[in-house]
Amino acid sequence: AMQPLPEGGMLAVLAGQPYLLVEALVHAPRLLGQVVLAFALDAELAADMRALTGLEVSFVTREQGHVVDQVATLRDFAPAAEADAAAMRMLAGEPYLTTRLDLLSEGPWTVYTELLSPLHEALAVFDVLKRELWLIALLALAVSFVAAAWLAGNLSRPVSELAAIARRIGSG
């Protein structure tokens, strides 16, 4: 099974193993030939992708719905059911956000990758935002308290002066 990819390469399944096929023309200075390179979608590629993205990466190859090859950077990875494209999964007792990308779907063959991020890492960004919002709210409260005290003092001073003058006039 082979399927062209948007960037000009092809994805193929050879003997149950998925490969990325890349074509290159060889010039010296005239065209000498054409070379096709095959890169296996294996553990080494998954580890490289994990290092680049910071996400857990898996490649799953299915033939007629049955898993024939799977590679993952996550130790306790189990592929989801073929129809399951849930945005969140429990793996090794921990919730993960998942994104599934179908790479090949031709005949009996399906190859896809799952990119996984632990939920606590995704939510850590919101913890920082929450802390910053609390700081902003406390700062705004302090500024409004100071402004209210200043305003109250400025508004009550003329009234206090009028009361003092009225007492002086009243006392003779």
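Computed from a predicted model, the values in this text were never measured in an experiment. (Residues numbered from 1 in each chain as written. Predicted model: local features only at pLDDT ≥ 70, side-chain atom pairs only at ≥ 80, totals over all residues. Heavy atoms only, no water.)

1. Quick look at helix α2 (residues 119-171)
Helix length check: α2, at 53 residues, gives a terminal C-alpha distance of 76 Å against a target of 78 Å (1.5 Å per residue), a fit within 8%. Directly after α2, the chain includes Gly172, whose backbone phi takes a positive value near 105°. (Helix = DSSP H or I, 4+ residues; strand = E, 2+ residues; numbered from the N terminus. Expected span 1.5 Å × (residues − 1).)

2. Some points on a nonpolar patch on the surface
Taken together, Val22, Val26, Leu32, Val35, Leu37 and Phe39 make up a surface patch of nonpolar side chains, about 480 Å² in accessible area. For the nonpolar patch, the secondary-structure elements that each account for two or more residues are β3 (17-27) and β4 (31-40). With four residues, the top contributor of residues to the nonpolar patch is β4. (Patch = residues over 30% accessible without salt bridge, like charges linked within 9 Å, V, L, I, M, F, W, Y side chains within 5 Å. Areas by Shrake-Rupley, 256 points an atom, 1.4 Å probe, with all protein chains shown as cover. Salt bridge = Lys/Arg side-chain N within 4 Å of Asp/Glu carboxyl O.)

3. Description of the pairing of strand β8 (residues 94-106)
Where a strand is regular, its side chains alternate between the two sheet faces. Bridge count for strand β7 (residues 88-91) against β8 is four bridges, and the pairing is antiparallel. Within β8, the residue paired with Arg89 across the bridge is Tyr96. Where β7 hands over to β8, the hairpin turn is made up of two residues, of which Ala92 adopts a positive phi near 55°. With 10 bridges connecting them, β8 and strand β9 (residues 109-118) associate as antiparallel partners. Paired with Thr98 across the bridge in β9 is Leu116. The turn linking β8 back onto β9 is made up of two residues, and Gly107 within it adopts a positive phi angle of 60°. (Pairing = 2+ DSSP bridges.)

4. Observations regarding the confidence of the model for the protein
With 97% of its residues at a pLDDT of 70 or more, the protein shows a mean pLDDT of 87. Confidence scores differ between elements of the protein, with strand β1 (residues 2-4) showing the lowest mean pLDDT of 76 and helix α1 (residues 43-53) the highest of 94. (pLDDT = per-residue confidence, 0-100.)

5. Some thoughts on the nonpolar core
In summary, soluble globular proteins display a tendency toward joint burial of nonpolar side chains. Counting 11 residues, the largest nonpolar core is built from Leu11, Val13, Leu41, Ala46, Val57, Phe59, Val71, Leu104, Trp109, Val111 and Leu115. Where this core is concerned, the elements lending two or more residues are β2 (10-14), β5 (56-63) and β9. At three residues, β9 tops the list of elements feeding residues into this core. If sequence neighbours within four positions are ignored, Val71 has contacts with Leu41, Asp42, Ala43, Ala46, Val57, Ser58 and Phe59. If you look at the next biggest cluster of nonpolar residues, it comprises seven residues, including Val60, Leu74, Phe77 and Tyr112. (Core = buried A, V, L, I, M, F, W, Y, C linked by side-chain atoms within 4.5 Å. Buried < 20%, exposed > 50% of the residue type's maximum accessible area, 1.4 Å probe, protein only. Contact = heavy atoms within 4.5 Å.)

6. Points about the pairing of β3
Pairing geometry for β2 and β3, over five bridges, is antiparallel. Each residue of the ladder has a partner; that of Met10, found in β3, is Leu21. Between the antiparallel neighbours β2 and β3 lie two residues, among them Ala15 with a positive phi of about 55°. Bridging between β3 and β4 involves nine bridges; their strand directions are antiparallel.

7. A few points about the sheet that holds β8
As summarised here, the arrangement of the five strands in space is β6-β5-β9-β8-β7, forming an open sheet in which the pairing is antiparallel. Every other strand in the sheet has two partners, leaving β6 (66-72) and β7 as the edge strands with one partner each. Along the sheet, successive strands turn relative to each other by an average axial angle of 35°, direction set aside. Across eight bridges, the pairing between β5 and β9 is antiparallel. Among the inter-strand pairings, Ser58 is bridged to a residue of β9, identified as Glu114. Where α2 meets the sheet, it contacts β7, β8 and β9, and its direction lies at approximately 50° from that of β9. (Axes fitted to C-alpha atoms, helices over the stretch in contact; angles between N-to-C directions.)

8. Focus: the sheet that holds β3
The strand order across the open sheet built from four strands is β1-β2-β3-β4, with neighbouring strands paired in antiparallel fashion. One side of each edge strand has no neighbouring strand; the edge strands of this open sheet are β1 and β4. Ignoring which end each strand starts from, the neighbouring axes of this sheet average 25° apart. Note that β1 and β2 share three bridges and pair antiparallel. Note on β2: the bridge partner recorded for Met2 is Ala12.

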